[in-house]
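Listed below are the residues making up each chain.
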Amino acid sequence: MKYLYGLALLAAMLLWSSCRNDFDSTPSSGNLSFSKDTIYLDTIFNNIGSSTYSLKVYNRSNNDINIPTVRLGQGENSNYRLNVDGLPGKTFENIQVLAKDSIFIFIETTVDIAGQTDNTQFIYTDQILFDSGANQQKVELVTLIQDAVFLFPADLGNGVFETLNLGTQEEPNEISGFFLDDDELNFTNEKPYVIYGYAAVPPGKTLTVQPGARVHFHESSGILVANTGSIKANGAPSNDAELMENEIIFEGDRLEPSFANVPGQWGTIWLTGGSTNNEFSYTTIKNGIVGILMDSNDGDRTLTLNNVQIYNSSNVGLLARTGNVYGENVVITNSGQSSLSCTLGGTYTFNHSTFANYWTNSFRSFPTVVLSNSLQVSDTEIAVSDLIQANFNNCIIYGSEQREIALLDEESVEFNFRFTNSLIRFQDPFGDFEEIPNYDFTNNTLYSNCIFNEDPVFQDATLNNLNIESETSGAEGIGSPEFGNLVPFDLNGVMRNSNAPDAGAYESVVFPD
């Protein structure tokens, strides 16, 4: 009987609920409140979808209300898309909001500005309209659309897209990518470039990137320079440190501020074996998996870095295998593993450069700088090659770990390195490295006039600002004039002290209060 009584009671409640008219709601009278009166959807690229943004609509009254209509001002012609309390569309009717409650509205957009403007930027607007007539309320929608040059693999039909084969015909290793045509080998600053897959520089060709160019990569994308190919990305000093109008920037294709410092958004700039005379100057490379990856060299200098910053790499900032690299005023910081990893030997010289690592996104088990003359290529095989030289002059090597250099010496081949007038973090509290000759910091042949474990006092290392503070930095005045004269201006364009330059890429400054 109790069971039958319960069923009868439930049926009565359902019948009462089904007969209730609009939950006894009252029409909206124009007294809604909103979390924002204008929704600014951050800059997006032409014809590329935005992130999802939210608006909260409040009913602060003591009565349940019914909103007769919620719609976009341009109706079905609008390029905005809404989701109102779980329902997708552009026009909605009879939306219920309970007393002292709220609902969510989610907003997205995709806009094609082709033919609408001659400008490279276009502001697209609309409104969300609540009710009509005297009771109408509205929330503005604003989006900046950025036109761009899009480069992507060709569609070969049947769901097949162009690929690059990194292996052999017998053992192919294909990745999504394509070779750039001759008319695509000059990146200008007129429009940003957005790359899908790997854009490859063909053998014997050179990709030139002009000052002020902006190059954006989609997920798992990058640039690949083939054997005998080159990339020359030579920016110029900028007048505005915020705009960096003449700087070349390589980064991901998510333009929202929340993605400004998110590592691992794209792949790498890959200088494959045999690529030659690659140059980067006044260039920033950020938020990739590996900033620059280079394989072997042809005996000549493979890579020149001048006034270059690489940061927020989820793996390694600069990963070189038997590279031939010269760098000055280089800053590489905040990498998931090492900021600089020189493996399988090679030839390296860095003057007035700063290598730091204050990675906070996960546990880091690698030091800031790794030098090695070997490479594990399989479970049973280790390749070796001479480390002909690795010279660090007037440099800073620092970070959040106790030991920020690793010297991995396979004794069957050469392992030559030298640190001169540099600030290095290496703490060995238990004497684990005392008997290893390469870590004999009293050996002037290996470590000449170096300072250890003195705080460089970076301005904001977690935000990649590695300027050093005047009068407190351990790097101040420790540089050699010999190398300071080779690089007379720092990364900010400030002239170095000719008698006692500071170590690293920056001359010290007085920090603002």
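For clarity, every value in this text was computed on a predicted model and none was experimentally measured. (Residues numbered from 1 in each chain as written. Predicted model: local features only at pLDDT ≥ 70, side-chain atom pairs only at ≥ 80, totals over all residues. Heavy atoms only, no water.)

Caption draft 1: View of the pattern of salt bridges. Considering all chains together, one arrives at nine salt bridges under this definition. The closest approach of N and O atoms between Lys 232 and Glu 279, which form a salt bridge, is 3.3 Å. Here the residue Lys 232 occupies a position in strand β23 (residues 230–234), and Glu 279 occupies one in strand β26 (residues 278–286), the gap between them amounting to 47 residues. Accessibility expressed as a relative area gives 24% for Lys 232, which makes it partly exposed. With relative accessibility at 28%, the residue Glu 279 sits in the partly exposed group. For the salt bridge of Arg 254 with Glu 256, the shortest nitrogen-to-oxygen distance reads 2.8 Å. (Salt bridge = Lys/Arg side-chain N within 4 Å of Asp/Glu carboxyl O. Helix = DSSP H or I, 4+ residues; strand = E, 2+ residues; numbered from the N terminus. Buried < 20%, exposed > 50% of the residue type's maximum accessible area, 1.4 Å probe, protein only.)

Caption draft 2: Region of the structure containing unusual backbone geometry. For Asn 453, which is not a glycine, the phi torsion comes out positive at approximately 60 degrees. Its location among the elements puts Asn 453 in the loop between β41 (451–452) and β42 (458–460). Here Asn 453 falls in the partly exposed class, since its relative accessible area comes to 29%. In this structure, Val 457 is a non-glycine residue whose phi angle is positive, near 55 degrees. Tracing the sequence through the fold places Val 457 in the loop between β41 and β42.

Caption draft 3: View of the confidence of the model for the chain. When pLDDT is averaged along the chain, the result is 92, and 94% of the positions lie at 70 or above. Under a pLDDT of 50 for its full length, residues 1–22 has, in the predicted model, two contacts with residues more than four places off or in other chains. (pLDDT = per-residue confidence, 0-100. Contact = heavy atoms within 4.5 Å.)

Caption draft 4: A look at the side chain of Asn 464. Here Asn 464 is to be found in the loop between β42 and β43 (465–468). The class for Asn 464 is buried, based on a relative accessible area of 7%. Within the structure, the side chain of Asn 464 is placed 2.8 Å from the side chain of Asn 334, a separation counted as a polar contact. Setting aside chain neighbours within four positions, we find Asn 464 in contact with Asn 261, Tyr 311, Asn 312, Thr 333 and Asn 334. (Polar contact = N/O pair within 3.5 Å; in protein donor to acceptor, adjacent residues only side chain to side chain.)

Caption draft 5: How the structure looks around the sheet that holds strand β2 (residues 33–34). The sheet built from five strands is open, its strands ordered β2-β4-β9-β6-β7 with antiparallel pairing. Of all the strands in the sheet, the pair left with one neighbour each is β2 and β7 (87–89). Relative to strand β9 (residues 101–109), strand β6 (residues 80–84) is paired through five bridges, and the arrangement is antiparallel. Each residue of the ladder has a partner; that of Leu 82, found in β9, is Ile 107. (Pairing = 2+ DSSP bridges.)

Caption draft 6: The arrangement of the packing of aromatic side chains in detail. One pass over the structure, following the stated rule, counts 24 aromatic pairs. Judged by centre distance (5.0 Å) and plane angle (15 degrees), the ring pair of Phe 392 and Phe 419 falls under stacked. In this pair, Phe 392 sits in strand β35 (residues 387–393) while Phe 419 sits in strand β38 (residues 418–420), placing the two residues 27 residues apart along the sequence. Geometrically, the ring pair formed by Phe 426 and Phe 441 is edge-to-face, given 5.3 Å between the ring centres and 65 degrees between the ring planes. A residue pair is termed long-range when its members are at least 10 positions apart, and Phe 426 in the loop between β39 (423–424) and β40 (447–448) and Phe 441 in the loop between β39 and β40 qualify at 15 residues. Since its relative accessible area comes to 5%, Phe 426 is described here as buried. By way of ring pairs, the aromatic residues Phe 350, Phe 355, Phe 392, Phe 415, Phe 417, Phe 419, Phe 426, Phe 433, Tyr 439, Phe 441, Tyr 447 and Phe 452 are connected into one cluster. Geometry around Tyr 58 places Arg 60 over its ring, the cationic atom sitting 4.3 Å from the centre. Sitting over the ring of Phe 259, Arg 254 keeps its end group 4.2 Å from the ring centre. (Phe/Tyr/Trp six-rings, centres within 6.5 Å; stacked < 30°, edge-to-face > 60°. Lys NZ or Arg CZ within 6 Å of the ring centre and 35° of its normal.)

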